[in-house]
Amino acid sequence: MSKKKIFVAGHNGMVGSAIVRQLRQRPDVELVLRSRSELDLLDRQAVTKFFSDVAIDEVYLAAAKVGGIVANNDYPADFIYQNLLIECNIIHAAHISGVHKLLFLGSSCIYPKFAVQPMREDALLSGTLEPTNEPYAIAKIAGIKLCESYNRQYSRDYRSVMPTNLYGENDNFHPENSHVIPALMRRFHEAKLASEEKVVVWGSGKPMREFLHVNDMAAASIFVMELDALHYQENISPMLSHINVGTGVDCTIRELAETMAQVVGFKGDIVFDASKPDGTPRKLMDVSRLSSMGWRYSIELEQGLADTYQWFLANTAGIRV
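Please read all numbers here as calculations on a predicted model, not as lab measurements.

> Whenever I open this one, the pairing of strand β3 (residues 58–61) confuses me. Can you help?
Each regular strand shows side chains that alternate between the opposite faces of the sheet. Neither face of β3 is exposed, since Glu58 and Tyr60 on one face and Val59 and Leu61 on the opposite face are all buried. Taken together, the 4 bridges between β3 and strand β4 (residues 101–105) define a ladder with parallel strand orientation. When the sheet's bridge partners are listed, Val59 is paired in β4 with Leu102.

> Teacher, can you tell me more about the environment of Cys88 here?
With respect to the secondary-structure elements, Cys88 resides in helix α4 (residues 76–96). Judged by its relative accessible area of 34%, Cys88 is partly exposed. Put simply, Cys88 and Leu41 are 47 residues apart on the chain and 9.7 Å apart in space, counted from C-alpha to C-alpha. In contact with Cys88, not counting residues within four places along its chain, are Ala93 and Leu146.

> Please explain the sheet that holds β3 as it appears in this structure.
One open sheet accounts for 6 strands, arranged β2-β1-β3-β4-β5-β10; its pairing is parallel. Looking at which strands have only one partner, the edges of the open sheet turn out to be β2 (29–32) and β10 (243–245). If you compare each strand with its neighbour and ignore which way they point, the axes differ by 25° on average. As paired strands, strand β1 (residues 4–9) and β3 are joined by 4 bridges and run parallel to one another. Across the sheet, Val8 pairs through a bridge with Tyr60, a residue of β3. Sitting on the sheet, α4 is in contact with β1, β3, β4 and β5 (157–163), with an inclination near 175° to β3. Each of β4 and β5 is contacted by helix α5 (residues 134–154), which is oriented at about 155° to β5, the strand it contacts most.

> Just checking my understanding: could you explain the packing of helix α6 (residues 180–193) against helix α9 (residues 253–264) for this structure?
Helix packing geometry: the angle between the two helix axes and the distance between the axes. Orientation of α6 relative to α9, taken along the N-to-C sense of each, is 45°, at an axis distance of 10 Å. Classified by the angle between their axes, α6 and α9 sit oblique to one another. Note that α6 runs across α9; the crossing there is right-handed. Contacts between α6 and α9 pair Val180, Ile181, Leu184, Met185, Phe188, His189 and Lys192 from the former with Ile253, Leu256, Ala257, Met260, Ala261 and Val264 from the latter. Of the residues that constitute the contact of α6 with α9, the class distribution is 11 nonpolar, 1 polar and 1 charged.

> Even after reading the chapter, I still don't get empty space enclosed by the protein, so can you show me in this structure?
Empty space among the atoms becomes apparent when a probe as large as a water molecule is rolled across them. Scanning the model with the defined rule gives 1 cavity of 30 Å³ or more in all. Surrounding the largest cavity, Ser108, Cys109, Tyr111, Pro112, Lys113, Met119, Glu130, Thr280 and Lys283 form its lining.

About the thresholds
- Residues numbered from 1 in each chain as written.
- Predicted model: local features only at pLDDT ≥ 70, side-chain atom pairs only at ≥ 80, totals over all residues.
- Heavy atoms only, no water.
- Buried < 20%, exposed > 50% of the residue type's maximum accessible area, 1.4 Å probe, protein only.
- Helix = DSSP H or I, 4+ residues; strand = E, 2+ residues; numbered from the N terminus.
- Pairing = 2+ DSSP bridges.
- Contact = heavy atoms within 4.5 Å.
- Axes fitted to C-alpha atoms, helices over the stretch in contact; angles between N-to-C directions.
- Parallel < 35°, antiparallel > 145°, perpendicular 65-115°, else oblique.
- Left-handed = near helix turned anticlockwise from the far one by under 90°.
- Nonpolar A, V, L, I, M, F, W, Y, C, P; charged D, E, K, R; others polar.
- 1 Å grid on protein atoms, 1.4 Å probe; cavity = no way out; pocket = protein on both sides within 12 Å on 5 of 7 lines; lining within 4 Å.
- Points joined across faces, edges and corners; volume = space filled by probe spheres on them.

Okay, structure coming up:
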């Protein structure tokens, strides 16, 4: 059996590792993986040489510098510079080495802060971005447009998927530089261990967010990559080719915190610090484009949080459990 050589960039990250777990089950796939020490994706010459030396059939571009509100506020130059470099290096090197198929993973933060909800793909570039993560969002928008531009000029088949807020196995549980679900999970866990009476959550608790388990994201990514070219092209346009990936269901941060407390087993009070930033008021994806192509999520939030907490207990080093 002839095997496809698939390079997963960012295979040690949350999304990349989930894609790898699912692709490993395919008998027709030969995975090509490189750690950061083996291949620096910020080094254009190294990336170009890698693609020249290894005959790659498909690329999943899941590599990125990521973080929560605090990290995006504190390191805006790092976020835009490093993400632009990673995208440019991989997409161009893939092209010049003859790789025809590539999937770029973006983020729902590409949409305007006050985009009409739920956010459709055509909301892109229709308004002002959320200031706290604008540099990261600009880089992700550039990635979409890189893919579209290589498609238009060179007839490549470079596709883009835009996930909603992701969580799950291999998430970043850093106490400051993490997204809302891992940050809350660690906070509630440590409060439970310390028998604290309350947990303070940033913001008013009113913003609404949509969450997708990373295993569902991996499944959707592979689904989109493997769509028949004609079926895919029938559902997109050359300059609006990205596809939203999510559940189409959201909840308030307050509801998330209450569910998290139940999952972790924290019995104290939940207090909201409204002096802290809320970020975007609501971020709900319109997933009708992907739904019409035949894909739907399978992991509900409470079950996904419970599974993630069990992984956290078993795998997170340096945290007493």
